[in-house]
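Observations on chain architecture
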Amino acid sequence: MRLFFLSFLFLNISITLFGQYDQKLVKFDFKEINGNPFGVVKLNMTNQRVKVKYFASKDANSSLSVYQRFSEWAFNKKLILVSSGTYYYYPDKNNRDKTTARPVGICIDNGNVINKTTDDKLDALALIYSSGRIAVENLKNKTISVKDASGNPLNLNLSNALDKNLFYKWATDVKATIFQTHLFAYKGSLLVGQNANSFKDYRRFLAAGINNNNETVQYIINLPFNSTILEGSKYALDYLKANENLKEISFLINLDTGAQNALETYHPKTGDKLANSNFSGVKPIKEAINLIVYYYQ
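1. Details of the overall build of the protein chain
- Secondary structure assignment for the protein chain yields 4 helices and 20 strands.
- When the backbone C-alpha atoms are referred to their principal axes, the protein chain occupies close to 75 × 45 × 45 Å.
- The 297 residues of the protein chain split such that 49% are buried.
- Carbon and sulfur atoms make up 49% of the accessible area of the protein chain, which amounts to about 15100 Å² in all.
- Separation of charge centres in the protein chain, based on 36 positive and 25 negative side chains, amounts to 3 Å.

2. A look at the pattern of salt bridges
- Within this structure, the stated rule accounts for 6 salt bridges.
- Among the salt bridges present, the one from D173 reaches K169, with a minimum N-O distance of 2.8 Å. Highlighted residues: D173 and K169, both in helix α3 (residues 161-174), separated by 4 residues, approximately one helical turn.
- Ionic pairing is found between K273 and E264, a salt bridge with its closest N-O pair at 3.6 Å.
- Under the relative-accessibility criterion, E264 is labelled buried at 14%.
- Here the salt bridges do not stand alone but share partners, grouping D29, K42 and E244 into one network.

3. A short note on the confidence of the model for the protein chain
- Per-residue confidence for the protein chain gives a mean pLDDT of 90, with 94% of residues at or over 70.
- In this model, residues 1-18 is a region of pLDDT below 50 whose contacts with residues beyond four sequence positions or in other chains number 2 contacts.

4. Focus on the pairing of strand β2 (residues 36-44)
- Counting buried residues in β2 gives 7 out of 9 residues, a clear majority hidden from the surface.
- As defined by bridge partners, strand β1 (residues 26-33) adjoins β2 across 8 bridges and the pair is classed as antiparallel. Each bridged residue has a counterpart across the sheet, and for K27 the counterpart in β2 is K42.
- The antiparallel pairing of β1 with β2 creates a hairpin that spans 2 residues between the two strands, and N34 there sits at a positive phi of about 50 degrees.

So, how was this worked out
- In this numbering scheme, every chain counts its residues from 1 along its sequence in written order.
- In view of the model being predicted, local features appear only for residues whose pLDDT reaches at least 70, and side-chain atom pairs are presented and counted only at 80 or more, with totals across whole chains, interfaces and linings using the full set of residues.
- To obtain the side-chain values, all non-hydrogen atoms of the structure were used and water was disregarded.
- Secondary structure elements are defined from DSSP: runs of H or I of at least 4 residues count as helices, runs of E of at least 2 residues count as strands, and each element is numbered from the N terminus.
- Using a 1.4 Å probe on the protein chains alone, a residue whose accessible area is under 20% of its type maximum counts as buried, one over 50% counts as exposed, and one in between counts as partly exposed.
- Note on areas: Shrake-Rupley with a 1.4 Å probe; residue coverage comes only from the protein chains shown.
- Asp and Glu are treated as the negative residues and Lys and Arg as the positive ones, with His and the ends of the chain left uncounted.
- One atom stands in for each charge, and that atom is NZ of Lys, CZ of Arg, CG of Asp or CD of Glu.
- For salt bridges, the criterion is a side-chain nitrogen of Lys or Arg within 4 Å of an Asp or Glu carboxyl oxygen.
- On a range of 0 to 100, pLDDT expresses the predictor's confidence in each residue.
- Contacts were defined at the residue level, with two residues in contact if any of their heavy atoms lie within 4.5 Å.
- In this scheme, strands are said to pair when DSSP sees at least two bridges between them.

Quick look at the structure:
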């Protein structure tokens with residue numbers, strides 16, 4: 001009996017000390033808007049223990065699907081959340097086989113160029129470094145800033161053919177992962193106009209800001225109720241302004257909740273999937289065309 005008690009005590013201590021991730025760096029929040037509940041995952045990125053990984057496409061060499069690639073990579077990883085990423089299309093509209101789907105806009109996966117065609121409707125360029133850091137550039141600014149393998153800044157104008165070639169060479173050299181999506185707010189300013197699409201659907205956003213302690217904090221804001229892009233973007237910004245001590249809201253970008261509304265979040269101690277609908281999608285992640293992952297290391 002004493003041995004059982006000591007084993008149980010050791011198990012509890014082990015889970016507490018060596019759980020999935022540090023709850024000081026990852027926090028869950030629950031709010032309501034006009035009677036509609038929604039969930040927010042807050043991710044403190046400052047000390048680089050919380051990292052990002054993106055799976056943009058199937059493996060070109062092995063033909064492993066995105067979900068298969070994720071499953072292999074995720075073994076023994078301390079997962080925080082997994083969400084569907086950005087938009088995709090079918091090259092052959094008569095063939096809806098998901099293995100043929102391709103990402104919309106510029107897309108590079110771990111240094112492998114998937115799509116070089118810029119989509120002019122998508123102003124956010126998400127840059128995920130091999131270190132697990134994510135940055136977002138506004139393509140309307142023409143010139144984007146990246147860091148070379150030595151950490152030195154490199155300013156590139158993607159409308160210039162020479163700079164664009166340098167950009168792809170840089171991405172290959174540093175094994176960056178890059179995708180395009182909608183940019184709904186940048187440096188505190190809402191970018192969604194009053195004439196934006198009025199279609200209502202579930203919404204999910206990735207936001208980032210700098211708090212009063214000069215810490216970089218990112219947010220997955222999941223709205224599991226129908227709203228327009230403008231309404232949802234305003235809800236997200238209002239939440240950040242009312243609840244977070246941010247001196248700057250760096251960006252607000254869209255995560256796809258259309259045909260691939262997938263989201264899983266994981267318990268901080270056990271790693272079990274959370275069943276709460278405010279922190280979940282409506283489709284399994286194995287059906288997603290691309291996946292963005294936050295994990296702890």
